[in-house]
Amino acid sequence: MSTKLSHIWNFLAKNKYLITSVVGIAVVGFIDENSFMKRIEYELQISQMKDEIKKFDAQNEKSTKALNDLQRNPKAIEKIARERYFMKADDEDIYVLSTDQQAAEDEQAKSNEIDETVK
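On a predicted model such as this, the values are computed, not experimentally measured, just so you know. Counting of residues starts from 1 at the beginning of each chain's written sequence and follows it residue by residue. It should be noted that, the model being predicted, local features are given only for residues of pLDDT at least 70 and side-chain atom pairs only at 80 or more, the latter also being counted only at that level, while totals for whole chains, interfaces and linings use all residues. For side-chain calculations, the full set of non-hydrogen atoms in the structure is used, while hydrogens and water are omitted.

When its secondary structure is counted, the protein chain shows five helices and zero strands. Along the chain direction, N to C, the helices and strands of the protein chain fall in the order α-α-α-α-α. With 119 residues in all, the protein chain has 7% of them scored as buried. At a minimum sequence separation of 6, the contacts of the protein chain that also span at least 24 residues come to 26%. Going along the chain from the N terminus, every DSSP run of H or I of four or more residues is numbered as a helix, and every run of E of two or more is numbered as a strand. Exposure categories follow from relative accessible area, calculated using a 1.4 Å probe and restricted to protein chains: below 20% of the type maximum is buried, above 50% is exposed, and the middle band is partly exposed. Residue contacts are counted whenever heavy atoms from the two residues lie within 4.5 Å of one another.

This is the structure in structure tokens:
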């Protein structure tokens, strides 16, 4: 029994730097909270969030332009009233076709999203 223990002790004494290095690399690379694996995960999350920021910035810019157009141009309000809400002038008739109604409902949903983002 003591010979086995002395062989283990001799192995540890001869390879102490190698064992310390392997344990250190394992801790830094995989086990620790600030490991390289976590760092890679965080970098992926950051890149995804940056993409989302770009998307929301583009949506914000589009909504801001639409809002400015609605505030300054009365024809834009008339256009939206005619297309989305089927409003008409006194001397006009409106005919809604089934395919147009589906497209209008899609536009209605988009406009509601824009209205919610503006509020």
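That covers the picture; the talk isn't over yet.
Moving on, we get to the pattern of salt bridges. Salt bridges, as used here, are contacts in which a Lys or Arg side-chain nitrogen is within 4 Å of a carboxyl oxygen on Asp or Glu. Counting across every chain of the model gives one salt bridge. Here E61 makes a salt bridge to K65, at a shortest N to O gap of 3.5 Å. Of this pair, E61 and K65 are both found in helix α3 (residues 36-72), four residues apart, which corresponds to roughly one turn of the helix. For K65, a relative accessible area of 53% gives the class exposed.

The subject of this paragraph is helix α4 (residues 74-85). Multiplying 1.5 Å by the residue count of a helix minus one yields the expected span of that helix. The end-to-end C-alpha distance of α4 is 16 Å, a good match for the 16 Å that 12 residues give at a rise of 1.5 Å each. Those residues of α4 that sit buried are A76, A81 and R84. The buried residues of α4 occupy one face: seen down the axis, they fall within an arc of 140°. Across α4 from its buried face, at more than 90 degrees, point the exposed residues P74 and K75. Backbone nitrogen of K75 and a side-chain oxygen of the N-cap are separated by 3.2 Å at the start of α4; the cap is N73. F86 sits one or two residues past α4 and shows a positive phi near 55°. What the arc describes is the spread of directions from the helix axis to the C-beta atoms. Polar contact criterion, stated in full: a pair of N or O atoms within 3.5 Å, where within protein one must be able to donate a hydrogen and the other to accept it, and residues adjacent in sequence count only if both atoms are side-chain atoms.

Before going further, it helps to spend a moment on the confidence of the model for the protein chain. Scored between 0 and 100, pLDDT is the confidence that the predictor attaches to each residue. Of the residues in the protein chain, 83% reach a pLDDT of 70 or more, and the chain-wide mean stands at 82. Model confidence for the protein chain, summarised as mean pLDDT per element, is weakest for helix α5 (residues 98-118) at 63 and strongest for α3 at 93.

A contiguous nonpolar surface patch, about 710 Å² in accessible area, is contributed by V23, V27, V28, F30, I31, F36 and M37. Of all the secondary structure elements, the ones that give two or more residues to the nonpolar patch are α2 (16-31) and α3. Per-element accounting of the nonpolar patch gives the leading share, five residues, to α2. Examined against the element boundaries, F36 turns out to sit in helix α3. For patch detection, residues must exceed 30% relative accessible area and be free of salt bridges, and they are connected within 9 Å for like charges or within 5 Å for nonpolar side chains (Val, Leu, Ile, Met, Phe, Trp, Tyr). Only the protein chains shown count as cover for residues, with accessible areas throughout obtained via the Shrake-Rupley method and a probe of 1.4 Å.

Bringing a negative patch on the surface into the picture now. Residues scored as positive are Lys and Arg, those scored as negative are Asp and Glu, and His as well as the terminal groups of each chain are ignored. Charge placement uses NZ in Lys and CZ in Arg. For Asp and Glu, CG and CD serve respectively. A surface patch of like charges, here negative, comprises E83, E105, D106 and E107. When residues of the negative patch are assigned to their parent elements, the largest contribution, three residues, is made by α5. For D106, the position within the fold is in helix α5. With a relative accessible area of 40%, D106 lands in the partly exposed category.

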